[in-house]
Amino acid sequence: MPKTIVLGGKEVYVLSRFGIMAILSFTLNTIALSRYCSLSVILLISVSSVITGAAISLMTVSFSQNRMKGMAITKLSGLIVISSFVPFFADKNIWWTVSFIPPFWLGVVIKAGRICLIFISCIISIIWLGMMYSVYSQIES
């Protein structure tokens, strides 16, 4: 698995896979939102996006045993990210069907303008991250 791909071991693999992308994601989110939101909202949304992105990336690494499964999981992750558009197009009565998906709450925060909801996104993202990391750790051992 991953430790054979990168010579530095698991830590270097995780840093190259997630750390660099997290920094890039945070930076691009901050730049993209700087025109539309206050600094505190930008920082909260950016941090939540980084946690969500790490969980989705870890899902790809954890469940992909070969290239075909990796492509399928990557396509699934695209569907997960699309859930952030649900608040803009779907009736509130069906929101519960996607409420366990972290990007959905980012869409709710942006649409409703209620920054307190960002914490729901962070909590769900951290739960996802923990679940995906436990699967990844089982694969590595």
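What you see is a predicted model; the values in this text were computed from it and never measured.

1. Side note on the packing of helix H3 (residues 39-63) against helix H6 (residues 102-112)
To describe two helices that pack against each other, one gives the angle between their axes and the distance between the axes.
Next, step 1: Contact geometry of H3 with H6 gives a least axis separation of 10 Å together with a crossing angle of 160°. As summarised for this structure, H3 and H6 are arranged roughly antiparallel, according to the angle between their axes. Helix-helix and strand crossings are classified by hand; for H3 and H6 the assignment is left-handed. Across from Ile45, Ser48, Ser49, Thr52 and Ile56 in H3, the residues of H6 making contact are Pro102, Pro103, Leu106, Val109 and Ile110.
Next, step 2: Partitioned by chemical class, the residues of the contact of H3 with H6 number 7 nonpolar, 3 polar and no charged.

2. Notes on the nonpolar core
Next, step 1: If you look at the biggest cluster of nonpolar residues, it comprises 28 residues, and the most contacted ones within it are Ile45, Met59, Ile80, Phe104, Trp105, Val108 and Trp128.
Next, step 2: At the level of secondary structure, the elements contributing two or more residues to this core comprise helix H2 (10-33), H3, helix H4 (67-82), H6 and helix H7 (118-140).
Next, step 3: No other element matches H3, which puts 8 residues into this core.
Next, step 4: Excluding residues that lie within four positions of it along the chain, Met59 makes contacts with Ile73, Leu76, Ser77, Ile80 and Met132.

3. Quick look at the packing of aromatic side chains
Next, step 1: This model, assessed by the stated rule, comprises 3 aromatic pairs.
Next, step 2: Here the aromatic rings of Phe104 and Trp105 are separated by 5.1 Å at their centres, their planes lie at 75°, and the arrangement is edge-to-face. Summarising the burial analysis for this pair, Phe104 and Trp105 share the class buried.
Next, step 3: When the ring of Tyr133 is compared with that of Tyr136, the centres are 6.2 Å apart and the planes differ by 45°; the resulting orientation is tilted. Residue Tyr133 and its partner Tyr136 are both found in helix H7; the two are separated by 3 residues, about one turn of the helix.

4. What about the state of the cysteines?
Next, step 1: Inspection of the entire model under this criterion finds 0 disulfides.
Next, step 2: No disulfide involves Cys116; its nearest neighbouring cysteine sulfur is the one of Cys122, lying 12 Å away.
Next, step 3: Given the relative accessible area of 14%, Cys122 is considered buried.

The rules behind these values
- Residues numbered from 1 in each chain as written.
- Predicted model: local features only at pLDDT ≥ 70, side-chain atom pairs only at ≥ 80, totals over all residues.
- Heavy atoms only, no water.
- Axes fitted to C-alpha atoms, helices over the stretch in contact; angles between N-to-C directions.
- Helix = DSSP H or I, 4+ residues; strand = E, 2+ residues; numbered from the N terminus.
- Parallel < 35°, antiparallel > 145°, perpendicular 65-115°, else oblique.
- Left-handed = near helix turned anticlockwise from the far one by under 90°.
- Contact = heavy atoms within 4.5 Å.
- Nonpolar A, V, L, I, M, F, W, Y, C, P; charged D, E, K, R; others polar.
- Core = buried A, V, L, I, M, F, W, Y, C linked by side-chain atoms within 4.5 Å.
- Buried < 20%, exposed > 50% of the residue type's maximum accessible area, 1.4 Å probe, protein only.
- Phe/Tyr/Trp six-rings, centres within 6.5 Å; stacked < 30°, edge-to-face > 60°.
- Disulfide = S-S within 2.5 Å.

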